[in-house]
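Coordinate inspection notes
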Amino acid sequence: MVDVPLVSAVPSEPSVEQLVAAVAERDAALAQQGRVIARQSELLAAQAEQLAVQAEQVKVLAVQAEQVKVLAARVAELEARLGKNSRNSSKPPSSDNAFTKAPPKSLRRPSGRRPGKQDGDPGNHLAPREVPDEIIVHTPGACGGCGADLTEARVVGEQARQVFDIPPVELVVTEHRAQQRQCTCGQVTTALFPAEATAPTCYGPGVAALGAYLLGRQHLPVARCAELMSEVLGAPVSTGWLAGLLGQAESRLGGFLTHLRAELAGAGVAHFDETGARVAGKLSWVHVAGTETLTLYHLHDKRGKVAMDEAGVLPAFTGIAIHDGLVTYRQYGAAHGLCNAHHLRELQGMAEVTGQDWPTELADLLVEVHRAVTDAKAQGHRRLEADQLAGYQHRYDALVAAGQQANPPPPRTGKRGRPRFGPAASLLRRLDDYREDVLRFATDFTVPFDNNQAERDLRMIKLQQKISGGWRTTDGAKTFLAVRSYISTARKHGHSALTVLRDLFTGNTWAVPAMA
């Protein structure tokens, strides 16, 4: 066996062909990578383009979402406006659609009392007079059994019935004769006629007072007033004479109105409101300031502060002003109490439109507090217990917060870029910002629950509008309102409107008693 020596393996140099093949293979790989990179670049570019499109779509969707919120809020506002009527908002009954008018629905809660007269209340009936003005005796002529003559029969009993009636009304004509007497010096002196004798023939203060009463208190049109006075009273007055009566009355009321404004400005609590009225074919505003004993009407073509300043009460008023949510009243320095009758109607409207629970619960709470205050007053208390009041306030805050959570302010703006709130958010904002004024009736027993005093004072003005449709002239409207201020204030003091009007025409204008 022959040993073969080991020789180390030495790599041989690649051949040119191998190098060329390797370079070609590398170039092919690089080309493939280049194509892959190019493809990836194309994909990335496409993805970037898609992302840009998606980003643009996201912006569009955000704008659309914003528009949806705005439109949803607008739809809710329009639905709420469409659903408003006189029983669930501050709209007057005259604005209700007669063909779609909702059935009446009272805001009152059950009191537990039976309908009709309550136990202990005094009853009213036509009581007979002890001494009648006239007695007429009726005798039976013949027996109801045998038919015998009863002329000389013995009287064994008697029944009485009294008939209250109006006798025929006739004018009483009084002739005044002013004598002329001659003095020894030769001078002839004529006696003075009384103030009511203004012409050879004229109507007296009683007729004038009745005409003004029918026009200013009973709201009769001039022609119908003339008809009534002619047919019922035998006073064939002319429509021209009647039309001038209220102007004559107003000319005597300057001092009365000045004193009335001063008394209202010094009142501890006063009610304020305003209503639209047609005057000379245009919209004007009748403003009212009133208490339980005072009433002042003022006409202006504006609704806001200029009109309230000219009315002459609020600029000097230092008491508590009871009103609705009109922000103009906030420009005066008086304390404020908001009308909760308005809030109950608005909360009822919100419950009907939104179907949410907080409006009904908050309305029930306000009624509950009102009853508690009424009961406390009846028991002679001057305030609610501190714990009781705190509990009411806590529940009030919680319900307002629940409403705000369910109805956030819509993301839209009104004039000058300010937020414009929808109906629910607007109501909640007022209930939140002015919660002390909403509940002032519970913290101060001199403050009423609502502004019904002002609304009652304006009710007859709306009746006048319904009857006549408006006033033809501004002077005529101001005249009517001045006389109405006089009549309303006198009636609040327990005086007959007809009596104080007669006093007015005889030169003895009734004066407002000064506050104690």
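Below is a summary of the structure that appears in this document.

What counts, and at which threshold
- Residues numbered from 1 in each chain as written.
- Predicted model: local features only at pLDDT ≥ 70, side-chain atom pairs only at ≥ 80, totals over all residues.
- Heavy atoms only, no water.
- Helix = DSSP H or I, 4+ residues; strand = E, 2+ residues; numbered from the N terminus.
- Buried < 20%, exposed > 50% of the residue type's maximum accessible area, 1.4 Å probe, protein only.
- Contact = heavy atoms within 4.5 Å.
- Areas by Shrake-Rupley, 256 points an atom, 1.4 Å probe, with all protein chains shown as cover.
- Expected span 1.5 Å × (residues − 1).
- Arc of directions from axis to C-beta.
- Lys, Arg positive; Asp, Glu negative; His and termini not counted.
- Salt bridge = Lys/Arg side-chain N within 4 Å of Asp/Glu carboxyl O.
- Pairing = 2+ DSSP bridges.
- Axes fitted to C-alpha atoms, helices over the stretch in contact; angles between N-to-C directions.
- Core = buried A, V, L, I, M, F, W, Y, C linked by side-chain atoms within 4.5 Å.
- Phe/Tyr/Trp six-rings, centres within 6.5 Å; stacked < 30°, edge-to-face > 60°.
- Lys NZ or Arg CZ within 6 Å of the ring centre and 35° of its normal.

When helices and strands are tallied, the chain shows 16 helices and seven strands. Per-residue burial over the chain gives 32% buried out of 516 residues. Looking at the chain alone, contacts between residues at least 24 apart form 61% of all its contacts between residues at least 6 apart. Accessible area of the chain: about 33700 Å², with a carbon and sulfur share of 54%.

Residues lying three or four places apart along an α-helix face the same way, a consequence of the helix completing one turn every 3.6 residues. Over its 21 residues, helix α10 (residues 386-406) runs 30 Å from end to end, which matches the ideal 30 Å to within 8%, given 1.5 Å per residue. The complete set of buried residues in α10 reads L389, Y392, Y396, L399, V400 and G403. Projected down its long axis, α10 carries its buried residues within an arc of 100°, all on one side. Facing away from the buried surface of α10 by more than 90 degrees, the exposed residues are A386, D387, H394 and Q405. In this fold, the buried residues of α10 make contact with α9 (358-378), α11 (423-433), α12 (435-438) and α13 (440-443).

Glancing now at helix α8 (residues 340-354). Across its 15 residues, α8 extends 20 Å between first and last C-alpha, which sits within 8% of the 21 Å expected from 1.5 Å per residue. Within α8, 11 of the 15 residues are buried, leaving the element largely enclosed by the surrounding structure. Downstream of α8 by one or two residues, G355 has phi in the positive range, about 70°.

What follows concerns the side chain of D273. You can see D273 is positioned in strand β3 (residues 269-279). No salt bridge is formed by the buried D273, whose closest oppositely charged neighbour, R303, lies at an N-O distance of 6.1 Å. When near neighbours in sequence (up to four residues on either side) are disregarded, D273 contacts V286, H287, V288, D324, Y329, N451, A454, E455 and L458.

Turning next to unusual backbone geometry. The phi dihedral of H219 is positive, around 65°, even though this residue is not glycine. Checked against the element boundaries, H219 lands in the loop between α2 (205-216) and α3 (222-233). The class of H219 is buried, set by a relative accessible area of 3%. Positive phi, normally seen in glycine, also occurs at A280, with a value near 55°.

Within the secondary structure, V137 is located in the loop between α1 (16-82) and β1 (180-182). V137 sits 21 residues away from E158 along the chain, and the two C-alpha atoms are 9.5 Å apart.

With respect to topology, five strands assemble into an open sheet ordered β5-β4-β3-β6-β7, the strand pairing being mixed. In this open sheet, the two strands that pair with only one neighbour each are β5 (295-300) and β7 (335-338). Taken pair by pair, the neighbouring strands of this sheet meet at an average axis angle of 25°, ignoring direction. Taken strand by strand, helix α15 (residues 474-492) contacts β3, β4 (282-290) and β5, and its axis lies near 170° from that of β5.

This brings us to the pattern of salt bridges. Two side chains with opposite charge may pair up if their charged atoms get near one another. All chains considered together, the criterion is met by 15 salt bridges. A salt bridge links D133 to R129; its shortest N-O distance comes to 3.2 Å. Accessibility expressed as a relative area gives 73% for D133, which makes it exposed. Of the residues examined, R129 reaches a relative accessible area of 47% and is grouped as partly exposed. Counted as one network, the salt bridges with shared partners bring together R330, D437 and R440.

Below, the discussion takes up the nonpolar core. The biggest cluster of nonpolar side chains holds 63 residues, and the ones touching the most others in it are M229, F272, V286 and W471. With eight residues, α15 is the single largest residue contributor to this core. Within the second largest apolar cluster, 33 residues are counted, among which are I322, L338, V438 and A442.

According to the stated counting rule, one finds eight aromatic pairs in the structure shown. Consider the rings of F256 and W510, whose centres lie 6.2 Å apart with planes at 45°: the pair is tilted. Of the two residues, F256 is situated in helix α6 (residues 254-265) and W510 in the segment after α16 (497-505); the sequence distance between them amounts to 254 residues. The same class applies to F256 as to W510, namely buried. Ring centres 5.6 Å apart and planes at 50° place the aromatic pair W471 and F480 in the tilted group. Take F480: its relative accessible area is 4%, and that puts it in the buried class. Grouped by ring-pair contacts, the aromatic residues F256, Y486 and W510 constitute a single cluster. In this structure, R330 packs its charged tip against the face of Y434, placed 3.8 Å from the ring centre.

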